[in-house]
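# Secondary and tertiary structure notes
In case you want the letters, here they are:
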Amino acid sequence: MRIVMAMGNPTSPANHAAAPDSSNETADLAFLLRAMHSDLGLFQRLRPEQLMAALKETGREIARLQALQLHCLASLRRRRSDTRELASELALTLHVTDNRAGAMISAAEALTKRLPRTLRLMDEGKLDFYRAMKVTDGTSWMSDHNARIVDVLLENRLEEKNPTQIRKSTAYAAMKIDPIGATSRMAQRRKERRVILHHQDEGTSQLAVDNVSTEKATAAYLRIDKIARALRTGTEKRTLDQLRADVALDLLLSGKGGVSEKTEVYLYLDLETYLGLNENPAELTGHGPIPAELARHIATGPDTTLRRVITDPLTGQVIEVGKFRYKPSLDVEEFVRVRDRERRQPGCPRPAQSCFVEPIGSHRQNADTAMSYCLRHRRLKNRADWQYKVLDGGKVSITTPTGQTVESIPPQVREPRPEHPGEERLGA
């Protein structure tokens with residue numbers, strides 16, 4: 001990293017060490033660390049974009065150091081036969097719990113033996129430990145051979161992704177490589193379903209339902225959310241989170257809370273998988289990839305409504321949504337929600353079906369200029385220091401106040417097939 005720092009005239013030896021008479025000085029991270037220790041006021045003189053660059057480079061250095069820790073752990077593990085004993089020693093050394101130490105040892109073993117390419121990304125400062133653990137967790141049930149295949153598939157897809165995106169990408173790749181194993185894993189997890197009560201401090205507790213079927217859990221949450229939103233009247237002082245919690249408990253304790261009704265969730269499933277001709281993973285909005293068998297179970301349910309979605313064969317993105325179903329015809333907002341699947345703001349995993357749909361800038365709202373926003377990022381869109389632009393192909397360009405530009409494209413509904421010379425793309 002190179003940082004150009006604008007500094008005032010130094011008035012002390014400490015300041016002089018951190019900033020010569022020149023008003024501009026180029027520095028790397030090592031210089032910044034030395035300057036920080038000699039002059040803690042340095043950060044008040046850095047511009048926001050310089051601070052953001054320092055944050056980014058610091059993150060890379062942290063990832064490299066975490067990789068070094070994992071290499072040390074893996075080497076220790078090869079010399080120690082008792083994992084629990086090693087975990088206890090590591091917990092004392094790093095001042096963490098035994099469970100955390102055990103998880104670190106397991107991750108070190110997986111990354112060095114099964115996921116070397118993912119570990120190399122950490123060595124290069126491109127992937128931190130927390131994000132790498134999404135790969136180790138997502139492949140823990142796989143054989144060494146299949147885990148290495150997933151490692152190869154994900155090598156060039158992890159660097160720019162956040163933890164949620166990495167979890168979903170890993171789940172998709174794992175299900176794609178071993179669909180039978182994924183189905184068995186799902187069946188085993190469902191056998192382990194349970195209700196968990198965890199008592200906390202200050203007279204509060206946590207109640208959770210674990211390992212239940214995704215479609216039922218999603219539908220239950222959406223029902224709770226809908227009832228909670230309906231209770232938000234002008235005199236209601238509870239927050240939406242408080243209302244959801246109260247509604248959920250009311251439904252469990254009294255069975256009341258609203259008339260039973262159907263809840264809509266979006267499932268993306270290709271035709272061949274629906275017909276049983278392949279085992280490609282499907283995707284449930286807000287959750288991520290699910291095994292083909294579960295997707296067919298949901299799609300063939302008695303209350304399921306199917307809709308044709310046409311995709312561009314070369315990009316895998318939505319270009320048309322069929323209007324024929326058992327309800328009123330499609331409008332622009334619904335097309336955008338189907339196309340976007342989740343919020344288009346990178347890093348926001350909220351399902352598009354519960355978000356606002358608005359055009360960017362002063363554009364007239366249509367499928368080419370509109371995108372989905374949650375309430376939080378809708379506010380950013382309307383700020384002068386955040387810039388949103390619509391580019392060709394539905395791509396959205398977002399520029400932050402510190403000058404960082406990220407791009408977001410509509411997600412693929414299916415994997416694109418290779419383009420052949422002379423072949424024309426479908427769609428506008």
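Refer to the structure printed above.
I will try to describe carefully the structure that is included in this document. Just so it is clear, the model here is predicted, and its values are computed rather than measured. (Residues numbered from 1 in each chain as written. Predicted model: local features only at pLDDT ≥ 70, side-chain atom pairs only at ≥ 80, totals over all residues. Heavy atoms only, no water.)

## Some points on the overall build of the chain
Put simply, the test is: Going along the chain from the N terminus, every DSSP run of H or I of four or more residues is numbered as a helix, and every run of E of two or more is numbered as a strand. When a residue's accessible area, from a 1.4 Å probe over protein chains only, is under 20% of the maximum for its type it is buried; when over 50% it is exposed; and in between it is partly exposed. The accessible surface values rely on the Shrake-Rupley method and a 1.4 Å probe; as for residues, cover is taken only from the protein chains in view.
The number of helices and strands found in the chain is 17 helices and 14 strands. Among the 428 residues that make up the chain, the fraction classed as buried is 37%. As displayed, the chain has an accessible area near 25500 Å², and 53% of this comes from carbon and sulfur atoms.

## Some details on helix α4 (residues 48–79)
An α-helix turns once per 3.6 residues; consequently, residues spaced three or four apart project the same way. The cut-off we apply is this: Expected span of a helix: the number of residues minus one, times 1.5 Å.
Relative to the 46 Å expected for 32 residues at 1.5 Å per residue, α4 spans 47 Å between its end C-alpha atoms, a close match to the ideal helical length. Among all positions in α4, only Gln50, Ala54, Glu57, Ala63, Ala67, Leu70, Leu73, Ala74, Ser75 and Arg77 are buried.

## Quick word on the sheet that holds strand β13 (residues 396–399)
This is how it is decided: We treat two strands as partners when DSSP finds at least two bridges between them. Fitted lines through C-alpha atoms give the axes, limited to the stretch in contact for helices. The angle between two N-to-C directions lies from 0 to 180 degrees.
With antiparallel pairing, the three strands of this open sheet are ordered in space as β12-β13-β14. Among the strands making up the open sheet, the edge pair consists of β12 (387–390) and β14 (405–408). Across this sheet, the average inter-strand angle for adjacent strands is 20°, counted without regard to direction. Where β13 lies against β14, four bridges are found, and the strand directions are antiparallel. Residue Val396 lies in a different strand from β14, and its bridge partner there is Ser408.

## Brief notes about the pattern of salt bridges
Rule in force here: Any Lys or Arg side-chain nitrogen located within 4 Å of an Asp or Glu carboxyl oxygen qualifies as a salt bridge.
One pass over the structure, following the stated rule, counts 21 salt bridges. As a salt-bridge pair, Asp210 and Arg194 come within 3.6 Å of each other at their nearest N and O atoms. Taken together, the residues span a long stretch of sequence, with Asp210 in strand β4 (residues 205–210) and Arg194 in strand β3 (residues 194–199) at a distance of 16 residues. For Asp225, the salt bridge goes to Arg244, with nearest N and O atoms at 2.8 Å. Of this pair, Asp225 sits in helix α12 (residues 214–230) while Arg244 sits in helix α13 (residues 240–254), placing them 19 residues apart in sequence. With respect to class, Asp225 is no different from Arg244; both count as buried. Taken together, the salt bridges that share partners define one network made up of Asp225, Arg229, Asp241 and Arg244.

## As for the nonpolar core
Proteins that are soluble and globular tend to have nonpolar side chains buried together. Put simply, the rule is: Here, nonpolar core means buried Ala, Val, Leu, Ile, Met, Phe, Trp, Tyr and Cys residues that are tied together by side-chain atoms lying within 4.5 Å of each other. A contact between two residues is defined here by any heavy atoms of the two lying within 4.5 Å.
Leu70, Leu73, Met122, Leu127, Phe129 and Leu158 are the most contacted members of the largest nonpolar core, which totals 30 residues. Elements that contribute at least two residues to this core include exactly α4, α5 (83–94), α6 (98–113), α7 (116–123), α8 (129–138), α9 (144–154) and α10 (163–177). For this core, the element with the highest residue contribution is α6, accounting for six residues. Ignoring any residue separated from it by four or fewer positions in sequence, one finds Leu70 in contact with Met104, Ala108, Leu111, Leu119, Met122 and Phe129.

## What about the environment of Arg244?
For the record, the criterion: Residues adjacent in sequence count toward polar contacts only when both atoms are side-chain atoms; beyond that, a polar contact is any pair of N or O atoms within 3.5 Å, and within protein one must be able to donate a hydrogen and the other to accept it.
Overall, the relative accessible area of 14% leaves Arg244 in the buried class. Separated by 18 residues in the primary sequence, Arg244 and Lys226 place their C-alpha atoms 8.9 Å from one another. Among all residues touching Arg244, those that are not within four sequence positions of it are Tyr221, Ile224, Asp225, Ala228 and Arg229. Within the local environment of Arg244, its side chain forms a polar contact with the side chain of Asp241, the two groups lying 2.8 Å apart.

## Brief notes about a nonpolar patch on the surface
Selection criterion: Nonpolar side chains (Val, Leu, Ile, Met, Phe, Trp, Tyr) within 5 Å and like charges within 9 Å form the patches, drawn only from residues with over 30% relative accessible area and no salt bridge.
A surface patch of nonpolar side chains, about 820 Å² in accessible area, is lined by Val195, Leu197, Leu207, Val209, Val212, Leu249, Leu252 and Leu253. For the nonpolar patch, the elements supplying multiple residues, two or more each, are β3, β4 and α13. In terms of residue count, the dominant contributor to the nonpolar patch is α13 (three residues). By the secondary structure assignment, Val209 is in strand β4.

## Some points on α13
Stated formally: Picture the helix axis, draw a direction to every C-beta atom, and the arc is the one those directions span.
The end-to-end C-alpha distance of α13, which contains 15 residues, comes to 21 Å, matching closely the 21 Å that a straight helix rising 1.5 Å per residue would cover. Leu240, Leu243, Arg244, Val247 and Leu251 are the residues of α13 that are buried. Buried residues of α13, viewed axially, fall in a sector of 100°; they line one side. Relative to its buried face, α13 has exposed residues pointing more than 90 degrees away, namely Asp241, Leu252 and Leu253.

## Section: the sheet that holds strand β5 (residues 267–268)
One open sheet holds the three strands; their spatial order is β5-β6-β7, and the pairing between them is antiparallel. This sheet does not close on itself; its edge strands, each paired only once, are β5 and β7 (288–290). For β5 and strand β6 (residues 282–284), the ladder comprises two bridges, and the chain directions are antiparallel. Across the sheet, the residue bridging to Tyr268 is Glu283, located in β6. Its contacts with the sheet put helix α15 (residues 292–299) on β5, β6 and β7, and the angle it makes with β7 is roughly 90°.

## A short note on unusual backbone geometry
Phi at His95 takes a positive value of approximately 60°, unusual for a residue other than glycine. We note that Asn211 has phi near 65°; this positive angle belongs to a residue other than glycine. For Asn211, the location among the structural elements is in the loop between β4 and α12.

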